[in-house]
Amino acid sequence: MSASLTGRPAAPNNSREIIKNNLLLEQAKEMLMLARQELHSAQYATYKSTQIKNTAVSVKNEVMVMIAKVRERKGRLDLPIVSGKHLRKISDRTALQSADNAEKFITTRKIDSFESLAKFTADREQKYGQLETAHLSKGQKLNRLKITPKQWKVEIQSLQSEYDSIGREQTKTATELAYAEVISYNKKNLERASEREPTAQQATKQTKTEGGRNIMNI
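Residues numbered from 1 in each chain as written. Predicted model: local features only at pLDDT ≥ 70, side-chain atom pairs only at ≥ 80, totals over all residues. Heavy atoms only, no water.

J.: Explain the overall build of the protein residue by residue, including any values.
T.: Across its full length, the protein carries five helices and zero strands. The helix and strand sequence of the protein, counted from the amino end, reads α-α-α-α-α. A buried classification covers 23% of the 218 residues belonging to the protein. Sequence separation of 24 or more characterises 72% of the internal contacts of the protein that already satisfy a separation of 6 or more. (Helix = DSSP H or I, 4+ residues; strand = E, 2+ residues; numbered from the N terminus. Buried < 20%, exposed > 50% of the residue type's maximum accessible area, 1.4 Å probe, protein only. Contact = heavy atoms within 4.5 Å.)

Next up, the structure:
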């Protein structure tokens, strides 16, 4: 018999309904738990992203800070006329004194510290040496072939193109090294000036104190 005299469903049907409802309830609980986990993960990811951005903003580029201090003191960068090995190769040295140009150089080369500036300089020094050797070699070969230009016309044209290309890259690298020299030179100058300032301030203070004492003694 499938139903009781009162018209209620038989016990087996009740059991199936209860099991079905329990399964649906468990599925709902599981979906809710997954939703909470996803929400927590999203919130944590947003928090970490904000934290990283805030950290990046709070960490200042020490090279840019130094350039800003020199700009504030003098309005331009000083040139290492005597010690600048690559500076001597640059015809327009005025551009190297511009704080704006120095900041652009640091930004475009992704230099964020004096340590990375030193690494950049070492890499470019190595590159410049290789370019200088290649440029000299191409030039010597080109001079030999130009003795009989008709015989080596095609090769001379190809070699001249390579020679000019290396020369342009060499000039670009020399300019980068000149900027690095100027920035490093100004860092040293700023450090020396900062070291002298406390001594000068102390001497001024002492002079004023002694002057006050002398007035009182008169």
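J.: With reference to specific residues and values, describe the environment of Gln160.
T.: If you trace the backbone, Gln160 turns up in helix H5 (residues 153-217). Gln160 gets classed as partly exposed once you look at its relative accessible area, which sits at 24%. Separated by 22 residues in sequence, Gln160 and Lys138 have C-alpha atoms that sit 8.1 Å apart. Among residues more than four places away in sequence, those in contact with Gln160 are Leu142 and Lys146.

J.: Pulling in residues and values, what's your account of helix H4 (residues 114-145)?
T.: The end-to-end C-alpha distance of H4 is 46 Å, a good match for the 46 Å that 32 residues give at a rise of 1.5 Å each. Along H4, the residues classified as buried are Phe114, Leu117, Phe120, Tyr128, Leu131, His135, Gly139, Leu142 and Leu145. (Expected span 1.5 Å × (residues − 1).)

J.: Explain the packing of helix H2 (residues 62-74) against helix H3 (residues 99-108) to me, and be specific about the residues and the numbers.
T.: Interaxial distance between H2 and H3 falls to 10 Å at its minimum, and their mutual angle equals 180°. As summarised for this structure, H2 and H3 are arranged roughly antiparallel, according to the angle between their axes. Within the contact between the two elements, H2 uses Val63, Met64, Ile67 and Arg71 and H3 uses Ala99, Asp100, Ala102, Glu103, Ile106 and Thr107. When the residues that make up the contact of H2 with H3 are grouped by side-chain class, the tally is six nonpolar, one polar and three charged. (Axes fitted to C-alpha atoms, helices over the stretch in contact; angles between N-to-C directions. Parallel < 35°, antiparallel > 145°, perpendicular 65-115°, else oblique. Nonpolar A, V, L, I, M, F, W, Y, C, P; charged D, E, K, R; others polar.)

J.: How would you explain the side chain of His86 if you had to name every residue and give the values?
T.: Residue placement: His86 occurs in the loop between H2 and H3. When its relative accessible area of 1% is taken as the criterion, His86 is described as buried.

J.: Please set out the nonpolar core residue by residue, giving values where relevant.
T.: Formed by 23 residues in total, the largest nonpolar core has its most connected members in Leu96, Phe105 and Ile183. Contributing elements (two or more residues each) for this core: H2, H3, H4 and H5. Not counting residues up to four positions away in its chain, the partners in contact with Phe105 are Ile111, Leu117, Phe120, Glu176, Tyr179, Ala180 and Ile183. (Core = buried A, V, L, I, M, F, W, Y, C linked by side-chain atoms within 4.5 Å.)

J.: Please provide a residue-by-residue account of the pattern of salt bridges, values included.
T.: Considering all chains together, one arrives at 12 salt bridges under this definition. The shortest N-O distance in the salt bridge between Asp100 and Arg71 comes to 3.2 Å. Remark: Arg71 occurs in helix H2 and Asp100 occurs in helix H3; sequence separation between them is 29 residues. For Asp100, a relative accessible area of 47% translates into the label partly exposed. Arg71 gets classed as partly exposed once you look at its relative accessible area, which sits at 31%. (Salt bridge = Lys/Arg side-chain N within 4 Å of Asp/Glu carboxyl O.)

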